[in-house]
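# Fold and geometry: a report
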Amino acid sequence: MDTLLDLLNSRPLVNGEEQDALGDPAGGRRWAREHGGEGSRAELALLRETRDLLRDVVRQERSPAALSPLLEGVCQTPEITPDGLRWTVEAPPHARLAVEVVLAWAAVEKQMPGRLRPCANDECQLFLLDRSRANRARWCSMAVCGNREKARRHYERTR
């Protein structure tokens, strides 16, 4: 789930300017390797495509069916280990990380429906996974976006 959020949040706005962690080859390779990938050009291209599709799906701008091409030819194989059942994803090396992210999204949607969502701050491009009991989290960060929104509303009320 962490890799899912990290991928969705890999294009943040910093001082009003978009930063893309996968945009330059060196930074993209570093990001992919930190998340268990290989960092090849093909992998980075597929990760960018996956990120953009997932962002649209989470924002409900596209149907989840848009993710189907990413899973073509992918298999999961079960294996019994001393720790229990483990599933191994069988995909081309450049596609494995992107496939794992899509599978993580599917697991979140099944186990925690509606809890993966965009930040409520219109000036923010980040996403959050609401783990609160009440399912009412609205901001990617209370310290940043939450406080800004509360300060903005306070200013409007007192003006």
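Residues numbered from 1 in each chain as written. Predicted model: local features only at pLDDT ≥ 70, side-chain atom pairs only at ≥ 80, totals over all residues. Heavy atoms only, no water.

### Points about the packing of helix H2 (residues 25-34) against helix H3 (residues 41-58)
- With their axes 10 Å apart at the nearest point, H2 and H3 run at an angle of 80° to one another. Between H2 and H3, the interaxial angle falls into the category roughly perpendicular. Touching Pro25, Gly28, Arg29, Trp31 and Ala32 of H2 are Glu43, Leu44 and Leu47, all from H3. (Axes fitted to C-alpha atoms, helices over the stretch in contact; angles between N-to-C directions. Helix = DSSP H or I, 4+ residues; strand = E, 2+ residues; numbered from the N terminus. Parallel < 35°, antiparallel > 145°, perpendicular 65-115°, else oblique. Contact = heavy atoms within 4.5 Å.)

### Side note on the nonpolar core
- Among the nonpolar cores identified, the biggest contains 30 residues, and Leu4, Leu8, Leu47, Leu54, Leu67, Trp105 and Leu116 are the most heavily contacted of them.
- Secondary-structure elements contributing two or more residues to this core are helix H1 (2-8), H2, H3, helix H4 (96-111) and strand E6 (127-129).
- Examining the composition of this core, we find that 8 residues originate from one element, H4, more than from any other.
- When neighbours within four sequence positions are excluded, Trp105 is seen to be in contact with Leu4, Leu54, Val57, Val58, Pro64, Leu67 and Leu116. (Core = buried A, V, L, I, M, F, W, Y, C linked by side-chain atoms within 4.5 Å. Buried < 20%, exposed > 50% of the residue type's maximum accessible area, 1.4 Å probe, protein only.)

### Thoughts on a nonpolar patch on the surface
- A contiguous nonpolar surface patch, about 380 Å² in accessible area, is contributed by Ile80, Leu85 and Trp87.
- Mapping Trp87 onto the fold places it in strand E4 (residues 84-90). (Patch = residues over 30% accessible without salt bridge, like charges linked within 9 Å, V, L, I, M, F, W, Y side chains within 5 Å. Areas by Shrake-Rupley, 256 points an atom, 1.4 Å probe, with all protein chains shown as cover. Salt bridge = Lys/Arg side-chain N within 4 Å of Asp/Glu carboxyl O.)

### Observations concerning the pattern of salt bridges
- A full pass over the atoms with the stated rule returns 8 salt bridges.
- Across the pair Asp56 and Arg62 runs a salt bridge whose closest N-O atoms are separated by 4.0 Å.
- Across the salt bridge formed by Glu100 and Arg96, the nearest N and O atoms sit 3.0 Å from each other. With Glu100 and Arg96 both in helix H4 and 4 residues apart, the pair spans about one turn of that helix.
- The exposure class of Glu100 is partly exposed, given its relative accessible area of 31%.
- Note on Arg96: relative accessible area 25%, which makes it partly exposed.
- Linked through salt bridges whose partners overlap, the residues forming this network are Arg11, Glu18, Asp20, Arg51 and Asp52.

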